[in-house]
Amino acid sequence: MQLEKEAAIELMLKTGEIEEVTPAARATALQAVELCGRLPLCLAIAGAMILEHADDWETWLVPALRDSHGAELRERSASVGDGADEGSVEERVLRASLRSIKLEERVGVTALFDVCACFAEDATVPAAVFDALAPAIFEEVARAEAEATERTERGDRQNFDAGGSPSNTQSRPVLKKGMSARELASSVRRWLREALRHSLLLGSIADGIRMHDLVRDYTIARAYRRDGGLGGLQLRVVSALLSAMPEGGFVDLTFAAEADKGTQLSFYVSQQLSHHLS
């Protein structure tokens, strides 16, 4: 549902915790809501982007939304040739939101976001499940870092062949050797908070995580574009869930306390494992 201009501006600025605006800032907000198609989901995500750039959103937001549009068009043109559609407004805003995350957190948040493609529609996922999926999420991080290294080396070779010098711009790797299960889960919790803060995911760590249907569709589309597709990602998720099973099996739901962390994971596996295997 497309909102009226005034309602769209109010929603985006309220989400961004902007109470007063100058005429110039209002003009910027108007451009931004139009780039968001005046759609509530996109406006909420744009508002979260404003929170990240409270000091410079008036000059940063509109170019970021436009740059995301251009990047998506280039990606689609490269993959399907001339005549590719431009992608939905939601896709462009989600892409901009991911690109707005601080560089040191972006790879991890994006990996977590991509793994969310495996969850069933309308599922509420306990935070304990993300703890169990930490190895699978870090596997996505490793894949992303390997791809980034390959792109960097390929660019260095091309630059060297053209008479330039190798670059040294690659970010510090997220994945480090010898990380404990606790360290993996701690990193995933941090990325989860970032995804919630950017409105990429809904809910809370205390009450469980949900996804908007359009966001879920976007993560699924991303999964299908990668090697192995959604099926390969689901296999890694199932492996991580089963590896998290405690000695003696998952908690007996008949006797366990509802607040018990093991119960949350056991209940999720009992209800959702069939989805991951389908």
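Since we're looking at a predicted model, the values are computed, not measured. (Residues numbered from 1 in each chain as written. Predicted model: local features only at pLDDT ≥ 70, side-chain atom pairs only at ≥ 80, totals over all residues. Heavy atoms only, no water.)

Participant: When you look at the overall build of the protein in this model, what are you seeing that I'm missing?
Facilitator: Each helix and strand counted, the protein has 12 helices and 2 strands in total. For the protein, with 278 residues in total, the buried portion stands at 44%. Excluding contacts between residues fewer than 6 apart, the proportion of contacts in the protein whose partners are at least 24 apart in sequence is 70%. (Helix = DSSP H or I, 4+ residues; strand = E, 2+ residues; numbered from the N terminus. Buried < 20%, exposed > 50% of the residue type's maximum accessible area, 1.4 Å probe, protein only. Contact = heavy atoms within 4.5 Å.)

Participant: Would you mind going over the side chain of His-53 with me for this structure?
Facilitator: On the secondary structure map, His-53 appears in the loop between α3 (40-52) and α4 (57-80). Discounting residues that sit within four places of it in the chain, His-53 has contacts with Trp-60 and Ser-100.

Participant: Please clarify how a negative patch on the surface should be interpreted in this entry.
Facilitator: Judged by side-chain charge, Glu-121, Asp-122, Asp-213 and Asp-217 come together as a negatively charged surface patch. Overall, the relative accessible area of 43% leaves Asp-217 in the partly exposed class. (Patch = residues over 30% accessible without salt bridge, like charges linked within 9 Å, V, L, I, M, F, W, Y side chains within 5 Å. Areas by Shrake-Rupley, 256 points an atom, 1.4 Å probe, with all protein chains shown as cover. Salt bridge = Lys/Arg side-chain N within 4 Å of Asp/Glu carboxyl O. Lys, Arg positive; Asp, Glu negative; His and termini not counted. Charge placed at Lys NZ, Arg CZ, Asp CG, Glu CD.)

Participant: Hey, could you run me through helix α6 (residues 103-115) in this one?
Facilitator: Given 3.6 residues per helical turn, the α-helix brings residues three or four places apart onto the same face. The end-to-end C-alpha separation of α6 is 19 Å, in line with the 18 Å expected for 13 residues at 1.5 Å each. Inspection of α6 places Glu-105, Gly-108, Val-109, Thr-110, Ala-111, Leu-112, Phe-113, Asp-114 and Val-115 among the buried residues, and these make up the whole buried set. (Expected span 1.5 Å × (residues − 1).)

Participant: Would you take a moment to explain the packing of aromatic side chains for this structure?
Facilitator: Within a pair of aromatic rings, the relevant descriptors are the distance that separates the centres and the angle that separates the planes. Tallied over the full model, the rule gives 4 aromatic pairs. An angle of 45° between the planes, with centres 6.2 Å apart, marks the rings of Phe-113 and Tyr-218 as tilted. Placement of Phe-113 in helix α6 and of Tyr-218 in helix α10 (residues 213-224) is noted, with a sequence separation of 105 residues between them. By relative accessible area, Phe-113 is classed as buried at 0%. Overall, Tyr-218 belongs to the buried group, its relative accessible area being 3%. Residues Phe-138 and Trp-191 carry aromatic rings whose centres are separated by 5.1 Å and whose planes lie at 35° to one another, so their mutual orientation is tilted. Taken together, the residues Phe-138 in helix α8 (residues 134-161) and Trp-191 in helix α9 (residues 181-197) connect sequence positions 53 residues apart. Comparing Phe-138 with Trp-191 shows no difference in burial state: the two are buried. Connected via pairs of aromatic rings, a cluster forms that spans Phe-119, Phe-130 and Tyr-268. (Phe/Tyr/Trp six-rings, centres within 6.5 Å; stacked < 30°, edge-to-face > 60°.)

Participant: Can you walk me through α9 in this structure?
Facilitator: The terminal C-alpha atoms of α9 lie 24 Å apart, and with 17 residues this matches the ideal 24 Å at 1.5 Å per residue to within 8%. Turning to α9, its buried residues are Leu-184, Ala-185, Ser-187, Val-188, Trp-191, Leu-192, Glu-194, Ala-195 and Leu-196. Ser-199 sits one or two residues past α9 and shows a positive phi near 65°.

Participant: Looking at this model, I keep getting lost on the confidence of the model for the protein. Mind explaining?
Facilitator: Low pLDDT means the predicted atomic positions in that stretch should not be read closely. Counting all residues, the mean pLDDT for the protein is 82, and 79% of those residues have values of 70 or more. Strand β2 (residues 208-210) holds the highest mean pLDDT among the elements of the protein, 95, whereas α4 holds the lowest, 65. Within the model, the stretch residues 163-170 combines pLDDT values under 50 with 7 contacts to residues more than four positions away or in other chains. (pLDDT = per-residue confidence, 0-100.)

Participant: How should the packing of helix α5 (residues 89-100) against α10 be read in this particular structure?
Facilitator: Direction vectors running N to C along α5 and α10 enclose 75°, while the axes themselves pass 10 Å from each other. Taken together, α5 and α10 sit at an angle that is classed as roughly perpendicular. For the pair α5 and α10, the contacting residues are Glu-90, Glu-91, Leu-94, Arg-95 and Leu-98 in the first and Leu-214, Val-215, Tyr-218 and Arg-222 in the second. Class assignment of the residues belonging to the contact of α5 with α10 gives a composition of 5 nonpolar, no polar and 4 charged. (Axes fitted to C-alpha atoms, helices over the stretch in contact; angles between N-to-C directions. Parallel < 35°, antiparallel > 145°, perpendicular 65-115°, else oblique. Nonpolar A, V, L, I, M, F, W, Y, C, P; charged D, E, K, R; others polar.)

Participant: Would you explain the environment of Ser-239 in this entry?
Facilitator: The residue Ser-239 is located in helix α11 (residues 229-243) in this model. Along the primary structure Ser-239 and Leu-133 are separated by 106 residues, whereas in three dimensions their C-alpha atoms are 8.9 Å apart.

Participant: Would you mind showing me how to read the state of the cysteines here?
Facilitator: Between two cysteines, a covalent bond joining their sulfur atoms is known as a disulfide. Applying the stated criterion across every chain yields a total of 0 disulfides. With no disulfide of its own, Cys-42 has Cys-36 as its nearest cysteine by sulfur position, at a separation of 5.6 Å. No disulfide involves Cys-118; its nearest neighbouring cysteine sulfur is the one of Cys-116, lying 8.7 Å away. (Disulfide = S-S within 2.5 Å.)

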